[in-house]
Amino acid sequence: LNGGEVATLSDLAALVMDELELRLSARTALGLEAELRRTAEDVAGTLQQSLLPPTLPDVKGLEFAARYHVATRDQVGGDFYDVIPTELGCAVVVGDACGKGAKAAALTGTARWTLRTVVLHDWTPAGALTRLNDVLVRSFDNPERYLTLAVAAISATEDGAAVTVALGGHPRPLIVHADGHIEAIGTTAPIVGWQSDAEFVETAAKLLPGDALVLFTDGTLEAVAGRGETDDARLRAVLSPLGGRTAGQIADALDAALGDDIRDDAAFLVVSVL
Amino acid sequence: VTGDSGFSVEVHLGDECLRVSVIGELDIATEPKLVESARESILSSDAPTVVVDLTLVSFMDSSGLRGVLMCRDAAQERGLALVLAVKDGPVRRLLDVAGVADWFTYE
């Protein structure tokens, strides 16, 4: 080998070394990224679980079923639900915090525990939304502060159950009567947490044995009816044949109707009267 | 400002009104761009009226709504009237479901 050839060979060797180092660092980066993703998914999953009831309670005369889907596994979703036994029956909540991730989780946690506190004694759904609205308007000095909610008070009566609903910027829950007739319940009122003078309105209805109440988020509506859709006609069509079924059966059937491509978070809760 | 999937915000300042025209999908990804472009313009505007034009918004979610509400807050901060331009459709229905339709006046 002459001097020129040696120089060429050592240039080539240097190129190969550079290439190897690049590939090695790319592999390390990929490994790190996978690990970061696993950690994020773990944190999101753990946080998510803390925002949902681990089990739904036993309330005499009622059966509950809930389903929950997050759009992305490495971020906490903004949807949540809760069932809280109360002095006269139970409080049922389905909500959707604006946004995603840690901020939405903080908002969800505040909303969930404020409502759990408010319903301990002498409460009404509209009163609960007013209190929560006050808490959020006063203490959340950032734009990640509003949510939409449907809150229902349900108590057993001699011949079924009495339900009172208040909405805060949320799609109206649907009653699935035993005969398949679908009835929307609730009066439109503003989102919760943005404006201090928001007023919430109550609507009451009677549930007979075999009737069910379905509370859901807009993500559920969109998963059934299409992206951006706020009309509940498709959802009504899915629910109507389910008249007279139990909460568990209705939840399974509705879940199957959501389709595979859920782009937003989706949560719903079914209460049936035994 | 032009960004994701054809989303854009055009701000036009006239003598009588500041017009913020939003085009495309207003969601969690694009809402910060609306707030970024519109808020400063609103806070420094001398025109008595702000119009937020949503007639060319093809999709809006709750994060998008927050962007519109933040424009409203900025206008209130300046003591300006905020007017929305919307047509019948998903955006109008979202405002109705959210219970905020009567927080605005309309063009």
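Our subject is the structure that appears above.
A brief look at the structure comes next.

Reading the values: rules and limits
Residues numbered from 1 in each chain as written. Chains lettered and ligands numbered in written order. Predicted model: local features only at pLDDT ≥ 70, side-chain atom pairs only at ≥ 80, totals over all residues. Heavy atoms only, no water. Axes fitted to C-alpha atoms, helices over the stretch in contact; angles between N-to-C directions. Helix = DSSP H or I, 4+ residues; strand = E, 2+ residues; numbered from the N terminus. Parallel < 35°, antiparallel > 145°, perpendicular 65-115°, else oblique. Left-handed = near helix turned anticlockwise from the far one by under 90°. Contact = heavy atoms within 4.5 Å. Nonpolar A, V, L, I, M, F, W, Y, C, P; charged D, E, K, R; others polar. Patch = residues over 30% accessible without salt bridge, like charges linked within 9 Å, V, L, I, M, F, W, Y side chains within 5 Å. Areas by Shrake-Rupley, 256 points an atom, 1.4 Å probe, with all protein chains shown as cover. Salt bridge = Lys/Arg side-chain N within 4 Å of Asp/Glu carboxyl O. Buried < 20%, exposed > 50% of the residue type's maximum accessible area, 1.4 Å probe, protein only. Buried area = accessible area lost by both parts, 1.4 Å probe. Polar contact = N/O pair within 3.5 Å; in protein donor to acceptor, adjacent residues only side chain to side chain.

## Some thoughts on the packing of helix α2 (residues 101–118) of chain A against helix α3 (residues 125–139) of chain A
All names here are of chain A. Packing of α2 against α3 brings their axes to within 10 Å, and their N-to-C directions diverge by 135 degrees. One finds that α2 runs oblique with respect to α3. The two elements α2 and α3 meet at a crossing, and its hand is right-handed. Between α2 and α3, the contacting residues are Leu 107, Thr 110, Ala 111, Thr 114, Leu 115 and Val 118 on the first element and Ala 128, Arg 131, Leu 132, Val 135 and Leu 136 on the second. When the residues that make up the contact of α2 with α3 are grouped by side-chain class, the tally is eight nonpolar, two polar and one charged.

## A short note on a nonpolar patch on the surface
On the surface, a cluster of nonpolar side chains totalling about 530 Å² of accessible area is made up of Leu 1, Val 6, Leu 9, Leu 12 and Leu 15 of chain A. Take Leu 12 of chain A: its relative accessible area is 46%, and that puts it in the partly exposed class.

## Regarding the interface of chain A and chain B
Listed per partner, the contact involves 21 residues of chain A and 21 residues of chain B. Across the chain A to chain B interface the summed buried area is about 1800 Å²; carbon plus sulfur atoms make up 58%. Contact with chain B buries surface across chain A, with Trp 194, Arg 227 and Thr 230 of chain A losing the most and accounting together for 30% of the total. Linking chain A to chain B there are three salt bridges. Summed over the shared surface of chain A and chain B, the result is seven residue pairs in polar contact (both at pLDDT 80 or more). Of the residues in the side of chain A that touches chain B, the class split is eight nonpolar, seven polar and six charged.

## Quick look at helix α4 (residues 218–225) of chain A
In terms of burial, α4 of chain A is a largely internal element, eight of the eight residues being buried. By the burial criterion, the buried members of α4 of chain A are Asp 218, Gly 219, Thr 220, Leu 221, Glu 222, Ala 223, Val 224 and Ala 225 of chain A. On its buried face, α4 of chain A sits against β3 (90–97), β9 (212–216), α5 (233–239), α6 (247–257) and β10 (266–273) of chain A together with β3 (49–60) of chain B. Phi turns positive one or two residues past the end of α4 of chain A, at Gly 226 of chain A, with a value near 120 degrees.

## Considering the side chain of Asp 96 of chain A
Residue and element names in this part refer to chain A. Mapped onto the elements of the fold, Asp 96 is located in strand β3. Asp 96 sits in the buried class, given a relative accessible area of 9%. Among all residues touching Asp 96, those that are not within four sequence positions of it are Gly 78, Asp 79, Phe 80, Leu 147, Thr 148, Thr 217 and Asp 218.

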